[in-house]
Amino acid sequence: MQDLWRLSAADLAALIRSKKVSAAEAATAALARLHAVNPKINAVVDHKPAEVLAEAASIDAAIGRGRDVGPLAGVPVTVKVNIDQVGFATTNGLKLQREAIASTNSPVIDNLRKAGAVILGRTNCPAFSYRWFTSNLVHGDTRNPRDPGITPGGSSGGAGAAVAAGIGHIAHGTDIAGSIRYPAYACGVHGIGADRR
């Protein structure tokens, strides 16, 4: 079988639901990929491997009991550092918020988990999520995995760089004025935003 990190989210979820691959195997592969490539690009700025593996184990246990774990069954997903996730700082790229540890989850986190996703790590953004590049004084610069000499875009540059580098199969981002669209373009991946009207 090819490297699990190369599979689409849909293909990986199908393999996990059919028990051909475990969520634990997918999480282990995703963590290995993160550790192999992230030091060069700094897309993921915070993660807790033990929690990732525990989430994956709970997905495998639910599948073992015959439960439908959702369309993202066991798929490793990254989330932007500007949303609340229990136990992590919601820095939004600001030094002032590096100790702002969330005590509750954003609905994004809860909904991803309800869909069966495993939260792999938290991706970088510029201060206030408000720049066309991804750099801040808390987490540093994110590099484009296709060419470190060009921007990964912003503000969801960590998300775009993570997906392009194979760190997680889907990345959460936020977009008001192109903050998903521009990093997707810059990193050569697809970006989908929700219309708020």
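Each remark here, short or long, concerns the structure printed above.
Since we're looking at a predicted model, the values are computed, not measured.

S.K.: How should the environment of Arg 65 be read in this particular structure?
M.R.: Position of Arg 65 relative to the elements: it lies in the loop between helix H3 (49-64) and strand S2 (76-80). Residue classification places Arg 65 among the exposed residues on the basis of a relative accessible area of 57%. For the pair formed by Arg 65 and Pro 76, sequence separation is eleven residues and the distance between their alpha carbons is 21 Å.

S.K.: Is there a simple way to explain helix H2 (residues 23-41) in this structure?
M.R.: Helical geometry: 3.6 residues make up each α-helical turn, so side chains three or four residues apart lie on a common side. With 19 residues, H2 ought to run about 27 Å at 1.5 Å a step, and its terminal C-alpha atoms sit 26 Å apart, in line with that. Along H2, the residues classified as buried are Ala 23, Ala 26, Ala 27, Ala 29, Ala 30, Leu 31, Leu 34, Val 37, Asn 38 and Ile 41. Asn 42, located one to two residues past H2, shows a positive phi value of around 55°.

S.K.: Where do I start with the packing of aromatic side chains in this structure?
M.R.: Aromatic ring pairs are defined here through the distance separating the ring centres and the angle between the ring planes. One pass over the structure, following the stated rule, counts two aromatic pairs. Ring centres of Trp 132 and Tyr 182 lie 5.2 Å apart, and the angle between their planes is 75°; on these two criteria the pair is classed as edge-to-face. On the criterion of sequence distance, the pair formed by Trp 132 in the loop between strand S3 (118-123) and strand S4 (135-136) and Tyr 182 in helix H6 (residues 181-187) is long-range, its members being 50 residues apart. On the basis of relative accessible area, Trp 132 is assigned to the partly exposed category, the value being 49%. A centroid spacing of 6.1 Å and a plane angle of 25° characterise the contact between Tyr 182 and Tyr 185, whose relative ring orientation is stacked. Of this pair, Tyr 182 and Tyr 185 both sit in helix H6, three residues apart, which is roughly one turn of that helix. Here the aromatic cluster, defined as three or more aromatic residues joined through ring pairs, consists of Trp 132, Tyr 182 and Tyr 185.

S.K.: Would you mind going over unusual backbone geometry with me for this structure?
M.R.: Generally, phi is negative for residues other than glycine and the peptide bonds are trans, each holding for most cases. Look at the link from Gly 154 to Ser 155: it is a cis peptide, with omega at 10°. Tracing the sequence through the fold places Ser 155 in the loop between strand S5 (140-141) and helix H5 (157-165). Within the chain, Asn 42 stands out as a residue other than glycine whose phi angle is a positive 55°. Turning to its location among the elements, Asn 42 is positioned in the loop between H2 and strand S1 (44-46). Relative accessible area serves as the criterion here: at 19%, Asn 42 is assigned to the buried category. For Asn 92, which is not glycine, the phi dihedral falls at a positive 50°. Mapped onto the secondary structure, Asn 92 falls in the loop between S2 and helix H4 (107-114).

S.K.: Help me out: how do you make sense of the environment of Leu 15 in this one?
M.R.: Among the structural elements, Leu 15 can be located in helix H1 (residues 9-17). Under the relative-accessibility criterion, Leu 15 is labelled buried at 18%. As a C-alpha pair, Leu 15 and Gly 74 span 59 residues in sequence and 9.6 Å in three-dimensional space.

Cut-offs applied
- Residues numbered from 1 in each chain as written.
- Predicted model: local features only at pLDDT ≥ 70, side-chain atom pairs only at ≥ 80, totals over all residues.
- Heavy atoms only, no water.
- Helix = DSSP H or I, 4+ residues; strand = E, 2+ residues; numbered from the N terminus.
- Buried < 20%, exposed > 50% of the residue type's maximum accessible area, 1.4 Å probe, protein only.
- Expected span 1.5 Å × (residues − 1).
- Phe/Tyr/Trp six-rings, centres within 6.5 Å; stacked < 30°, edge-to-face > 60°.

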